[in-house]
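One-letter residues, chain by chain:
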Amino acid sequence: MSTQLDATKWVNDYGDMLYRYAMARVNDSEIAKDLVQDTFLAAWRNYDNFKGEISEKNWLYAILKNKIIDHFRKASTRLTDSLPTVAGDDPYFDDSQHWTAATAPKDWNEGSDAPVMKKEFYGVLLNCKSKLKKIQDTVFTLKYLDGLDSEEICKVLNLTTSNYWVLIHRAKLQLRACLEKNWFIK
Amino acid sequence: MKWMISCKEATNFISRKEEGKLSLKQRMQLWVHLGVCSFCKLFYKQNKIIIRQASHLHEHETAQLSNADKEAIITRINEEL
């Protein structure tokens with residue numbers, strides 16, 4: 001352990017950055033704080049292994065990313081209690097599996113003024129994401145925020161492939177509908 | 001060979017396509033469907049927007065640790081010394 005390390009400087013330089021990364025993924029301030037603290041502790045204990053091949057910042061991000069995946073892995077037994085039945089009701093499609101009048105996508109008119117670039121958009125996206133069922137949110141997060149593929153996600157969360165595709169599909173349908181209602185077509 | 005798939009299947013195929021998990025037949029079925037279904041074509045476009053923006057989410061997160069939270073973490077790290 002290097003004594004030149006300055007815990008105060010570290011936490012002040014990187015604390016908020018790591019906290020935001022965690023918050024966007026776990027959406028729970030207590031869990032996010034614990035993950036950040038565990039990340040700093042792990043980094044502190046293993047600083048001698050830090051080779052400087054990547055920046056200190058990216059090294060911390062990599063540790064945090066692993067902590068977040070571990071967190072989801074541990075939480076998965078609780079999360080998978082509420083798994084959907086594969087053939088269950090689907091409010092987005094009618095009996096012939098086509099969009100219903102109420103759920104059919106509308107044109108977002110995301111034209112030249114690019115509303116998706118506005119800062120407020122991300123607040124709406126986060127809010128819509130937080131309304132997903134926890135297991136759907138977790139699957140969506142691992143896939144699109146952390147970039148894992150479906151096989152890795154099934155392993156982490158102990159899901160069957162068919163459960164995975166139902167969950168990711170529903171997560172997207174719900175997110176899309178929520179964004180349309182709260183951002184694009186108010 | 002069945003060419004027409006439902007909207008439910010088509011939207012599902014769109015997610016599988018991201019991982020290269022469609023067979024040649026399924027890819028053709030998806031393109032035939034997107035050619036005639038304006039709703040799924042919108043879904044296809046909007047799905048791209050959503051997943052692109054999702055990967056940037058934390059850059060726009062504004063949450064901050066309080067000073068007390070930071071102090072607690074610093075104290076905890078210093079206990080390791």
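Rules used in this analysis
Residues numbered from 1 in each chain as written. Chains lettered and ligands numbered in written order. Predicted model: local features only at pLDDT ≥ 70, side-chain atom pairs only at ≥ 80, totals over all residues. Heavy atoms only, no water. Helix = DSSP H or I, 4+ residues; strand = E, 2+ residues; numbered from the N terminus. Rg over C-alpha atoms; globule rule 2.2 N^0.38 Å. Buried < 20%, exposed > 50% of the residue type's maximum accessible area, 1.4 Å probe, protein only. Contact = heavy atoms within 4.5 Å. Lys, Arg positive; Asp, Glu negative; His and termini not counted. Charge placed at Lys NZ, Arg CZ, Asp CG, Glu CD. Axes fitted to C-alpha atoms, helices over the stretch in contact; angles between N-to-C directions. Parallel < 35°, antiparallel > 145°, perpendicular 65-115°, else oblique. Nonpolar A, V, L, I, M, F, W, Y, C, P; charged D, E, K, R; others polar. Expected span 1.5 Å × (residues − 1). Bend = angle between axes of the 7 residues up to and from the residue. Polar contact = N/O pair within 3.5 Å; in protein donor to acceptor, adjacent residues only side chain to side chain. pLDDT = per-residue confidence, 0-100. Buried area = accessible area lost by both parts, 1.4 Å probe. Salt bridge = Lys/Arg side-chain N within 4 Å of Asp/Glu carboxyl O.

**Q** What is the right way to look at the overall build of chain B in this model?
**A** Of the regular secondary structure elements, chain B holds 5 helices and 0 strands. Ordered by position from the N terminus, the helices and strands of chain B form the series α-α-α-α-α. Since a compact globule built from 81 residues should have a radius of gyration of about 12 Å, the 23 Å found for chain B marks it as more spread out than a globular shape. Expressed as lengths along the three principal axes of its C-alpha atoms, the size of chain B is roughly 70 × 25 × 15 Å. Put simply, chain B has 81 residues, and 47% of those count as buried. Within chain B, counting contacts between residues at least 6 apart in sequence, those at least 24 apart form 53% of the total. If the 13 positive side-chain charges of chain B are averaged to one point and the 9 negative ones to another, these points end up 22 Å apart.

**Q** What's the story with the packing of helix α5 (residues 134–145) of chain A against helix α3 (residues 38–54) of chain B in this structure? I'm lost.
**A** Two quantities define a packed helix pair, namely the angle between the helix axes and the distance between the axes. Viewed as axis vectors pointing N to C, α5 of chain A and α3 of chain B meet at an angle of 80°, and their least axial separation amounts to 9 Å. For the element pair α5 of chain A / α3 of chain B, the angle class is roughly perpendicular. Across the interface between the two elements, F140, Y144 and L145 of chain A from α5 of chain A touch I50, I51 and A54 of chain B from α3 of chain B. Class assignment of the residues belonging to the contact of α5 of chain A with α3 of chain B gives a composition of 6 nonpolar, no polar and no charged.

**Q** Explanation requested: helix α1 (residues 7–26) of chain A in the structure shown.
**A** Three or four residues apart is the spacing at which side chains of an α-helix point the same way, because the helix has 3.6 residues per turn. All names here are of chain A. Compared with an ideal rise of 1.5 Å per residue, which puts 20 residues at 28 Å, α1 spans 25 Å between its outermost C-alpha atoms and falls more than 12% short. The largest bend along α1 measures about 45° and falls at Y14. The buried fraction of α1 amounts to 15 of the 20 residues, a majority that puts the element mostly inside the structure. The residue sitting at the N-terminus of α1 and contributing the capping side-chain oxygen is D6; that oxygen lies 3.0 Å from the backbone nitrogen of T8. Two residues or fewer past α1, N27 is found with a positive phi of approximately 50°.

**Q** Explanation requested: the confidence of the model for chain B in the structure shown.
**A** Close inspection of predicted coordinates is inappropriate for parts of the model with low pLDDT. Mean pLDDT for chain B: 92, with 98% of residues reaching 70 or above. The complex prediction reports pTM at 0.89, with the ipTM value standing at 0.90.

**Q** Just to check I follow, could you spell out the interface of chain B and chain A for this structure?
**A** How big an interface is tends to be stated in terms of accessible area lost as the parts join. Counting residues at the interface gives 44 residues for chain B and 57 residues for chain A. Summing both sides of the interface, chain B and chain A together bury roughly 4900 Å²; the carbon and sulfur share of this comes to 66%. Viewed at the interface, chain A and chain B are joined by 6 salt bridges. As a salt-bridge pair, E151 of chain A and K21 of chain B come within 3.4 Å of each other at their nearest N and O atoms. Where chain B meets chain A, there are 20 residue pairs in polar contact (both at pLDDT 80 or more). The biggest single contributor to the side of chain B that touches chain A is α3 of chain B, with 12 residues. Of the residues assigned to the side of chain B that touches chain A, the class counts are 18 nonpolar, 14 polar and 12 charged.

**Q** Could you clarify how one ought to interpret the side chain of K129 of chain A in this entry?
**A** Examined against the element boundaries, K129 of chain A turns out to sit in helix α4 (residues 119–130). Accessibility expressed as a relative area gives 2% for K129 of chain A, which makes it buried. In terms of polar contacts, K129 of chain A uses its side chain to reach the side chain of T141 of chain A, at 2.9 Å. Excluding residues that lie within four positions of it along the chain, K129 of chain A makes contacts with A24, R25, D137, F140, T141, L145 and L175 of chain A together with L57 of chain B.

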